[in-house]
Amino acid sequence: MTVQELPGAAAAYRPTPPPAWKPRTDPAPLLPDPEPYRVLGTDAAAGADPELLLRLYAELVRGRRYNVQATALTKQGRLAVYPSSTGQEACEVAAALALEERDWLFPSYRDTLAAVARGLDPVQALTLLRGDWHTGYDPREHRIAPLCTPLATQLPHAVGLAHAARLKGDDVVALAMVGDGGTSEGDFHEALNFAAVWRAPVVFLVQNNGFAISVPLAKQTAAPSLAYKAVGYGMPGRLVDGNDAAAVHEVLGEAVARARRGGGPTLIEAVTYRIDAHTNADDATRYRGESEVETWRAHDPIRLLERELTERGLLDEDGIRAAAEAAETMAAELRDGMNADPVLDPMDLFEHVYAEQTSQLREQAALLRAELDAEGEAR
């Protein structure tokens, strides 16, 4: 290290940093655009694949009906809790459709719709929130990690899986979903740091829906936007209109392709809005006004895509009706499945804890079995 003498101060020195201080990466290409990227209602819409747009529309309509039906099930006592993603369906559907079958989805508790759009049975997607049985589905079979209730803990898991896949030479990408509230957790920062250092094939999708329960984004961060946090870890940041299904799908698709070819992780912030309350147990009127909600209803993801499709002559009244009818069929099947009383086995508590049960688990299982047998004999 060298030193430079300050003018007029014989004994004062200012150290000059050694070469190692210099940035490892040019930050300019990592910075997001100043405005959210959009497709619908712009010149870019003309180049969008009509088949993809129609599929996105059908999934959005089905997803909206799914949210409405699941919320109704909480009022009927069939669900303990449901965090609705109404208003955010474009993010949910685009996340599912941007992945290949071999890829992995790491959802948060609000991302049941993304799991359903990826092909998971709607009843299985709600099993955890019903409190019935473990996660409700086989994560390995569906390539969907368990719905994550603790904030942001799924992000390091996604990085670990993606890094392991890369080490094994598997052509796999992990897509991890998190809300704006989750970016205030330590797991978020640790995951991004490891992902960038390892150049892991993982994509982080932040659904900025305005509130972490009742805490607005302005009270969580002073950053220009959450996408700007990417540059601090050495990965690209993208800012996208989260209610524009075509734009979200395009940005996610580019990030997934980049990760698959070895380009490393990407942080994507989708600016959207949580129309419903945080969960059915929340009173959103205590921290936001109805005028704010109505403003966002005018930017509804279904309405935006429906307008684009009808103006291009790709969707008519028959198509709109067919999408609604398909959604109603799904809702009816969901009601039937959730209204059937599950047959629960208390011994399942000891399954899928470890690949091979520990001596403590075997002891506890034997104790419970004895108690159940005694209870049966007493009857």
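Refer to the preceding data block for the structure.
Rules behind the numbers
- The residue numbers shown here count from 1 along each chain, following its written sequence.
- Where totals are concerned, whole chains, interfaces and linings use all residues; where local detail is concerned, this predicted model gives features only for residues with pLDDT of at least 70, and gives and counts side-chain atom pairs only at 80 or more.
- Hydrogens are left out, water is left out, and the side-chain values use all remaining heavy atoms of the structure.
- In this description, a nonpolar core means a group of buried Ala, Val, Leu, Ile, Met, Phe, Trp, Tyr and Cys residues linked to one another through side-chain atoms lying within 4.5 Å.
- Only protein chains enter the accessibility calculation, which uses a 1.4 Å probe; a residue whose area is less than 20% of its type maximum is buried, one above 50% is exposed, and one in between is partly exposed.
- Contact between two residues is taken to exist if any of their heavy atoms lie within 4.5 Å; hydrogens are not considered.
- Numbering of helices and strands starts at the N terminus; helices are DSSP runs of H or I of at least 4 residues and strands are runs of E of at least 2.
- In this analysis, the protein atoms alone were mapped onto a 1 Å grid. Cavities are point sets where a 1.4 Å probe fits without being able to get out; pockets are open sets with protein on both sides within 12 Å along at least five of seven lines; lining residues have an atom within 4 Å of a point.
- Grid points are joined across faces, edges and corners, and a volume is the space filled by probe spheres set on the points.
- Residue polarity is assigned by list, with Asp, Glu, Lys and Arg as charged and Ala, Val, Leu, Ile, Met, Phe, Trp, Tyr, Cys and Pro as nonpolar; anything else, Gly included, falls into the polar class.
- Two strands qualify as a pair provided that DSSP identifies no fewer than 2 bridges between them.
- Lines are fitted to the C-alpha atoms to define the axes, a helix being fitted only along its stretch in contact, and any angle between axes, read from their N-to-C directions, falls within 0 to 180 degrees.
- Each pair of aromatic rings taken from Phe, Tyr and Trp, with Trp reduced to its six-membered ring, is defined by centres within 6.5 Å and is described as stacked if the planes are under 30 degrees apart, edge-to-face if over 60, and tilted in the remaining cases.

## Here's the deal with the nonpolar core
Part 1: Membership of the largest hydrophobic core comes to 63 residues, with the highest contact counts inside it found for Y57, Y66, L126, L175, L252 and L305.
Part 2: With residues up to four places along the chain from it excluded, the contact list for Y57 reads I302, L305, E306, L309, L315, I320 and A323.
Part 3: Counting residues in each nonpolar core, the second largest holds 27 residues, with A152, A174, A191 and L217 among its members.

## Some remarks on the side chain of E89
Part 1: Tracing the backbone through its elements, the reader meets E89 in helix α2 (residues 89-97).
Part 2: Those residues within four positions of E89 in sequence are excluded, and the remaining contacts are L60, G63, R64, N67, L113 and P301.

## Thoughts on empty space enclosed by the protein
Part 1: For the coordinates displayed, the defined rule picks out two cavities of 30 Å³ or more.
Part 2: By volume, the largest cavity amounts to about 40 Å³.
Part 3: Along the walls of the largest cavity sit E59, R62, G63, Y66, L113, V116, A117 and M330, which together make up its complete lining.
Part 4: At the level of elements, α1 (50-75) and α3 (112-117) are the ones that each hand at least two residues to the lining of the largest cavity.
Part 5: Among the elements that take part in the lining of the largest cavity, α1 stands out by supplying four residues, more than any other.
Part 6: Considering only residue class, the lining of the largest cavity consists of five nonpolar, one polar and two charged.

## Observations concerning the sheet that holds strand β9 (residues 266-271)
Part 1: One open sheet holds the five strands; their spatial order is β3-β4-β5-β9-β8, and the pairing between them is parallel. Every other strand in the sheet has two partners, leaving β3 (104-106) and β8 (237-241) as the edge strands with one partner each. Strand-to-strand twist in this sheet, taken as the mean axis angle between neighbours without regard to direction, amounts to 20°.
Part 2: One ladder, built from six bridges, connects strand β4 (residues 174-179) with strand β5 (residues 202-208); its direction is parallel. Bridge assignment links G179 to a residue of β5, and that residue is Q207.
Part 3: Contacts between helix α6 (residues 154-168) and the sheet are confined to β3, β4 and β5, with β4 contributing the most and set at about 170° to the helix.

## Overview of the layout of surface pockets
Gaps left between atoms show up when a probe the size of a water molecule is rolled over them.
Part 1: Each pocket or cavity is described by its volume, and for the largest pocket that value is around 280 Å³.
Part 2: Lining the largest pocket are 22 residues, and of these Y109, L151, G179, G181 and G182 lie nearest its centre.
Part 3: Elements that contribute at least two residues to the lining of the largest pocket include exactly β4 and β6 (211-212).
Part 4: Of the residues belonging to the lining of the largest pocket, the class tally is nine nonpolar, nine polar and four charged.

## Considering the packing of aromatic side chains
Part 1: Across all of its chains, the model carries six aromatic pairs by this definition.
Part 2: Judged by centre distance (6.5 Å) and plane angle (75°), the ring pair of F211 and Y273 falls under edge-to-face. Within this pair, whereas F211 is found in strand β6, its partner Y273 is found in the loop between β9 and α9 (290-297), the two being separated by 62 residues in sequence.
Part 3: Y273 sits in the buried class, given a relative accessible area of 3%.
Part 4: By the ring-pair criterion, three or more aromatic residues cluster together here, those being F211, Y273, Y287 and W296.

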